[in-house]
Amino acid sequence: MGFRSFLGKPFAKYIAAQTKKWASQPRQSQEKVFKNLLANGLKTKFGRDHHFDQINTYEDFKKRVPVRDYEQLKPYIEEMVEGKPDILWPGKPIYLSKTSGTTSGVKYIPITKDSIPNHFVSARNAVLAYVAETGKADFLDGKLIFLSGSPELAKKNGIHVGRLSGIVNHHVPGYLRTNQMPSYETNCIDDWETKLEKIIDETIDKNMTLISGIPPWVQMYFDRIQARVDGKKIKDVFPNFSMFVYGGVNFEPYRAKLEESIGKKIDSVETYPASEGFIAYQDSQTEPGLLILLNSGIFFEFIPTEEYFDENPTRLMIHEVELNKNYALIINSNAGLWGYSIGDTVKFVSKEPYRLLVTGRIKHFISAFGEHVIGEEVEKAMKNTCEKFPETELIEFTVAPNVAPKEGLPLHEWYIEFAQKPNDLAAFEKELNLQLQKQNTYYDDLITGNILRGLKIMELRKNAFIDYMKSQGKLGGQNKVPRLSNDRKIADWFEKMD
């Protein structure tokens, strides 16, 4: 046993005890965060504009602070980016996390000295929760790889600017620095494919025990390794690889292919990080859902998804949510985000403690005919179908409507890149359609009512999604393909592809 695993076990137990304490008092934990946020917000321009001095209760807060997305909060953020102090949070942010917006172009999300621990302490605690529950800690003694964006930071009006994963890279604890992979120089390479080859050069002969990254990019890493070692399984390349940490996308569509590449099942820990804050992590290997972090500088609100676009939607605190109901996630944070809609939808699967599942994006759905199919539903339909066709291995897929086909009724088109096709593609397509009907009653009504016809699989060539992401300048790092969309921008790109 190495010193990291030796020290990790008691520390994990301590963190688990602290976690249990705040998680067992959800309302009190959130009210404490709420009061702290308001006290700090009083010192800001935003607080003055919204009369924080007159806010005493959550009901007062909802009357004073509307729900906003990035575009609506942008005037305040622009002042922060200009270097002005005390705009959304006391002082200036220490970082600006640079992300891509669908309508905003480049987005700058503030990270303050108060909010930075939310990101790296939460990631640490996710791993420690696994250690505390399972007693397994040997993986801490080996090499750990984090497939992330470049840690190189620019400066804008005195504030460091970069990708979130690169920013967090600067806060990796010293005791992990010596076994962190890849090297800083390699992490700074911008071109993903060049970077990936260099990562393989540095890691292929190392004792890799933990690998962290978004599943499709980890799969690409595995594929490139196997190409170098005559198709050997990853377990034979990294015999002590035992922990996979991931976030950002649902693992299920990628699980079969990843496990086939590895050659064995390994334990995994799911996380829910975002530039706006670290929201939740998997705290149990036996219970479903991710533990929402109620004591980490974020006060959460929840809007029933069916009300999200209403003028005055219902806004709920944590103790008011219902199980198995979809909500739009709203955050108020010590990064200076107030009433901020991050665009995700979640549902709770447990209240003791509060655990959630990420079900999709509030603007990522298909509702060409009122069906409102969401990401969770297409992923479940695909998962259930693949279980009935176990030979099938997926690389990636996305779904788009076709409201005006050249012939026949409108339909949903599923653009799929297979690693291994099902033996009977027509039967797979039929089953996939039935599974989606089971997931969404509106879709079922439209199919049975002959308003829509059954979905159609549009099979894509090898590396189609890699080429698409490359064309968008989003290859690698923390970037991911939208699972579905209500327009045909992605579909049209595939249709024009050679």
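Before any of the text, the structure's been laid out above.
Residues numbered from 1 in each chain as written. Predicted model: local features only at pLDDT ≥ 70, side-chain atom pairs only at ≥ 80, totals over all residues. Heavy atoms only, no water.

Student: Run through helix α14 (residues 375-388), naming residues and quoting values.
Tutor: With 14 residues, α14 extends 20 Å between its outermost C-alpha atoms, agreeing within 8% with the 20 Å of an ideal straight helix rising 1.5 Å per residue. Within α14, burial applies to Gly375, Glu376, Glu377, Val378, Glu379, Ala381, Met382, Thr385 and Cys386. (Helix = DSSP H or I, 4+ residues; strand = E, 2+ residues; numbered from the N terminus. Expected span 1.5 Å × (residues − 1). Buried < 20%, exposed > 50% of the residue type's maximum accessible area, 1.4 Å probe, protein only.)

Student: Go over the pattern of salt bridges, please, and point to the residues and values.
Tutor: Applying the stated rule across the entire model yields 31 salt bridges. Between Arg228 and Asp201 there is a salt bridge, with its nearest N and O atoms 2.7 Å apart. Taken together, the residues span a long stretch of sequence, with Arg228 in helix α11 (residues 215-228) and Asp201 in helix α10 (residues 192-203) at a distance of 27 residues. Classification of Arg228 by relative accessible area gives partly exposed; the value is 36%. (Salt bridge = Lys/Arg side-chain N within 4 Å of Asp/Glu carboxyl O.)

Student: Give a description of the environment of Tyr308 that names residues and reports values.
Tutor: Within the fold, Tyr308 resides in the loop between β12 (298-304) and β13 (327-333). Each C-alpha atom of the pair Tyr308 and Ala328 lies 7.0 Å from the other, and the pair is 20 residues apart in sequence. Not counting the four nearest positions on each side in its chain, Tyr308 is found in contact with Ile303, Pro313, Ala328, Ile330, Ser341 and Ile362. (Contact = heavy atoms within 4.5 Å.)

Student: Can you explain α11? Please cite residues and give values.
Tutor: Taking 1.5 Å of rise per residue, the 14 residues of α11 would be expected to cover 20 Å, and the 20 Å separating its terminal C-alpha atoms lies within 8% of that figure. Burial runs high along α11: 10 of the 14 residues are buried. Among the residues of α11, Pro215, Pro216, Trp217, Val218, Gln219, Met220, Tyr221, Phe222, Ile225 and Gln226 are the ones counted as buried. Two residues or fewer after α11 comes Asp230, characterised by a positive phi angle close to 60 degrees.

Student: Explain the sheet that holds strand β6 (residues 180-181) to me, and be specific about the residues and the numbers.
Tutor: Across a sheet, strands are paired by hydrogen bonds formed along the backbone, either parallel or antiparallel in direction. Sheet architecture is open: 11 strands sit in the order β6-β3-β7-β8-β9-β10-β11-β15-β14-β13-β12, paired in mixed fashion. This sheet does not close on itself; its edge strands, each paired only once, are β6 and β12. Here 4 bridges tie strand β3 (residues 143-146) to strand β7 (residues 208-212), and the two strands are oriented parallel to one another. Of the residues in β7, the one forming a bridge with Leu144 is Leu210. (Pairing = 2+ DSSP bridges.)

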